[in-house]
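Breakdown of the fold
Each chain is listed here by its residues.
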Amino acid sequence: MGEREVRGRRARAGAAAVLALLLGAVLPACQSAPSSQDSDELAAPRARQQTGWDTRPASLAAVGDSITRGFDACSVLADCPEASWATGSDPGVRSLALRLLGERGAVERSWNHAVSGARAADLPAQVERAVQDRPELLTVMVGANDACRSSTRHMTKVADFRKSVEEAMEILRAELPRTQVYMASVPDLKRLWSEGRTSELGKQVWALGICRSMLSEPDAVDRKSVKRRAKVHKRVKAYNRVLAQVCAQDRLCRTDGGAVFDFRFTGTQLSPWDWFHPSRNGQAHIARIAYRAVTAKG
């Protein structure tokens, strides 16, 4: 999602025509996000634990791809880090950092090292930058771009995906053995296709090259197209198994248990500009999933 080839097409004449259409459409600048505070956030902060998992880490760094950068959440074909589920400052999203650290703490003690278009192979370098901040919690969301390629044959191999994630964890542990890790699952790209294909404007944006392996010829239901989408879906599930397995080998790592993958994004939770990336509303739901995982007892 938000892969490099998409961003490189901004200057094309075809893109300009679509963008003019989108910007002239009667759409809200940003989707509304849940404004009520989760009831489980109202409890007083827990005392910091001496051993094991700390449900109230005092600082946070994020690595990953365009979802963590808030791509297309606030404006067309642009990052919107303030709407990031992990470190954003938008009170409507209530990012994980805001929920854990409060407004001032989120500004002073959270850092976003994610890059739109990043794949698992980019994760080790991102972690190397993140360790300089010495965060108590590191959030990881990566894998969508590994499946979103020009074709299914160019998707990242599962073994290579595993190697990159393991290398990133090794770098973290060599520098910060006590830093906790939260790994979010890769969203169900097939679900995003099934929702976004109901929008004619969305499909025009997809035609610019967004996630071709899943989104090319969005209305085609012939055997070849169905098989192609099924292959991408299977690869995403394989990436999520890898994330869960690597995390399970580290006592200070938690996953969302597949909650992001299982979340049934609707039009409200998708960007009004590309009908594929999370809107502010979608980012808020991802933040809620992360908060519950990080603060869960046991």
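Model, not experiment: these values are computed from the prediction.

Glancing now at the packing of helix α6 (residues 158-175) against helix α10 (residues 223-248). In helix packing, the relevant descriptors are the interaxial angle and the interaxial distance, both defined with respect to the helix axes. With their axes 10 Å apart at the nearest point, α6 and α10 run at an angle of 30° to one another. Compared by their axis directions, α6 and α10 come out roughly parallel. Crossing geometry of α6 relative to α10 is assigned as right-handed. In contact with Val158, Phe161, Arg162, Val165, Glu166 and Met169 of α6, α10 contributes Arg235, Ala238, Tyr239, Val242, Leu243, Gln245 and Val246.

Next up on the list: the packing of aromatic side chains. One pass over the full model with this rule turns up four aromatic pairs. Ring plane angle 70° and centroid distance 6.1 Å describe the contact between Trp85 and Tyr182, whose orientation is recorded as edge-to-face. Of this pair, Trp85 sits in the loop between β1 (60-64) and α3 (96-108) while Tyr182 sits in strand β4 (residues 180-183), and the two are 97 residues apart along the sequence. Side by side, Trp85 and Tyr182 carry an identical accessibility label, which is buried.

Ordered by their spatial adjacency, five strands build an open sheet running β2-β1-β3-β4-β5, and the pairing between neighbours is parallel. Edge positions in the sheet fall to β2 (110-112) and β5 (253-255), since each has one partner strand and no second. Across the sheet, the mean angle from the axis of one strand to that of its neighbour is 20°, orientation sign disregarded. Where β1 lies against strand β3 (residues 137-141), five bridges are found, and the strand directions are parallel.

To continue, consider the pattern of salt bridges. Summed over the entire model, instances satisfying the criterion amount to eight salt bridges. Across the pair Arg191 and Glu195 runs a salt bridge whose closest N-O atoms are separated by 3.3 Å. Of this pair, Arg191 and Glu195 both sit in helix α7 (residues 189-196), four residues apart, which is roughly one turn of that helix. Exposure remark for Glu195: the relative accessible area of 23% places this residue in the partly exposed category.

So, on to the state of the cysteines. Throughout the structure, instances matching the rule amount to three disulfides. Between the sulfur of Cys74 and that of Cys80 lies a disulfide, 2.2 Å long from S to S. Between Cys74 and Cys80 the disulfide shows an S-S torsion of about -60°. By sign, it is left-handed. Note on cysteine connectivity: Cys247 is disulfide-linked to Cys253, with sulfurs 2.0 Å apart. The sign of the -115° torsion about the S-S bond sets the Cys247-Cys253 disulfide as left-handed.

Judged by side-chain charge, Glu128, Glu167, Glu170 and Glu175 come together as a negatively charged surface patch. The element best represented in the negative patch is α6, accounting for three residues. Residue position: Glu175 is located in helix α6. Looking at Glu175, the relative accessible area reads 47%, which means it is partly exposed.

Here we come to the environment of Arg104. With respect to the element layout, Arg104 can be found in helix α3. Looking at Arg104, the relative accessible area reads 65%, which means it is exposed. Distance from Arg104 to Ser89, taken between C-alpha atoms, is 9.6 Å for residues 15 residues apart in sequence.

We now examine the pairing of β1. Where burial is concerned, most of β1 is hidden: five out of the five residues are buried. Residues Leu60, Ala62 and Gly64 of β1 are buried on one face, and the alternating residues Ala61 and Val63, pointing to the opposite face, are buried as well. Following the chain from β1 across α3 to the adjacent parallel β2, one finds a crossover that is right-handed.

Here the focus is the layout of surface pockets. There is about 320 Å³ of room inside the second largest pocket. As for the second largest pocket, its lining consists of 14 residues, of which Thr152, Lys224, Ser225, Lys227 and Arg228 are closest to the centre. Every element with two or more residues in the lining of the second largest pocket is listed here: α9 (212-215) and α10. Counting residues per element, the lining of the second largest pocket draws most heavily on α10, at six residues. Class assignment of the residues belonging to the lining of the second largest pocket gives a composition of one nonpolar, six polar and seven charged.

The rules behind the values
Residues numbered from 1 in each chain as written. Predicted model: local features only at pLDDT ≥ 70, side-chain atom pairs only at ≥ 80, totals over all residues. Heavy atoms only, no water. Axes fitted to C-alpha atoms, helices over the stretch in contact; angles between N-to-C directions. Helix = DSSP H or I, 4+ residues; strand = E, 2+ residues; numbered from the N terminus. Parallel < 35°, antiparallel > 145°, perpendicular 65-115°, else oblique. Left-handed = near helix turned anticlockwise from the far one by under 90°. Contact = heavy atoms within 4.5 Å. Phe/Tyr/Trp six-rings, centres within 6.5 Å; stacked < 30°, edge-to-face > 60°. Buried < 20%, exposed > 50% of the residue type's maximum accessible area, 1.4 Å probe, protein only. Pairing = 2+ DSSP bridges. Salt bridge = Lys/Arg side-chain N within 4 Å of Asp/Glu carboxyl O. Disulfide = S-S within 2.5 Å. Patch = residues over 30% accessible without salt bridge, like charges linked within 9 Å, V, L, I, M, F, W, Y side chains within 5 Å. Areas by Shrake-Rupley, 256 points an atom, 1.4 Å probe, with all protein chains shown as cover. Lys, Arg positive; Asp, Glu negative; His and termini not counted. Charge placed at Lys NZ, Arg CZ, Asp CG, Glu CD. Right-handed = clockwise from strand over helix to strand, strands pointing away. 1 Å grid on protein atoms, 1.4 Å probe; cavity = no way out; pocket = protein on both sides within 12 Å on 5 of 7 lines; lining within 4 Å. Points joined across faces, edges and corners; volume = space filled by probe spheres on them. Nonpolar A, V, L, I, M, F, W, Y, C, P; charged D, E, K, R; others polar.

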